[in-house]
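# Residue-level structure breakdown
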Amino acid sequence: MARDDKAPDFEQALAELEGLVERLERGDLPLEEALKAFERGVALTRHCQVSLQAAQQKVDILLKRSGKAALEPFEDSAADTPAAPASPE
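Quick summary incoming for the structure in this document. This one's a predicted model, so the numbers in the text were calculated from it and none came from an experiment.

### Structural notes on the nonpolar core
Counting 8 residues, the largest nonpolar core consists of A13, L17, L20, L29, A34, A37, L44 and C48. Every element with two or more residues in this core is listed here: α1 (10–26) and α2 (31–66). Take this core: its biggest share by element is 4 residues, from α2. If we ignore the near neighbours within four places in the chain, the residues touching C48 are F10, A13 and L14.

Structure follows, in structure tokens:
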């Protein structure tokens, strides 16, 4: 599979990362291939983190320019609800 020298956009990187995770979780890759997939996954994760940080900075700048909105932490209602314990099988 030939890769462009150009870095993938966020969505492409995330999709590739998800595919790598699925392949690694199956556990059927030979060691060398698993290590290469893991290494690629680390690089994609870093790329996604940089993209998200850049997007956050843009949002912060836009909010500061408008002077209207204050930043508030995101509250995920699902994260506040404890997960039900797994039932033993």
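### A short note on α2
Taking 1.5 Å of rise per residue, 36 residues should cover 52 Å, and α2 covers 52 Å from first to last C-alpha, within 8% of that figure. Turning to α2, its buried residues are A34, A37, G41, L44 and C48. Along its buried surface, α2 packs onto α1. In the segment just after α2, G67 is the residue with positive phi, at about 65°.

Each value, and the rule that gives it
Residues numbered from 1 in each chain as written. Predicted model: local features only at pLDDT ≥ 70, side-chain atom pairs only at ≥ 80, totals over all residues. Heavy atoms only, no water. Core = buried A, V, L, I, M, F, W, Y, C linked by side-chain atoms within 4.5 Å. Buried < 20%, exposed > 50% of the residue type's maximum accessible area, 1.4 Å probe, protein only. Helix = DSSP H or I, 4+ residues; strand = E, 2+ residues; numbered from the N terminus. Contact = heavy atoms within 4.5 Å. Expected span 1.5 Å × (residues − 1).

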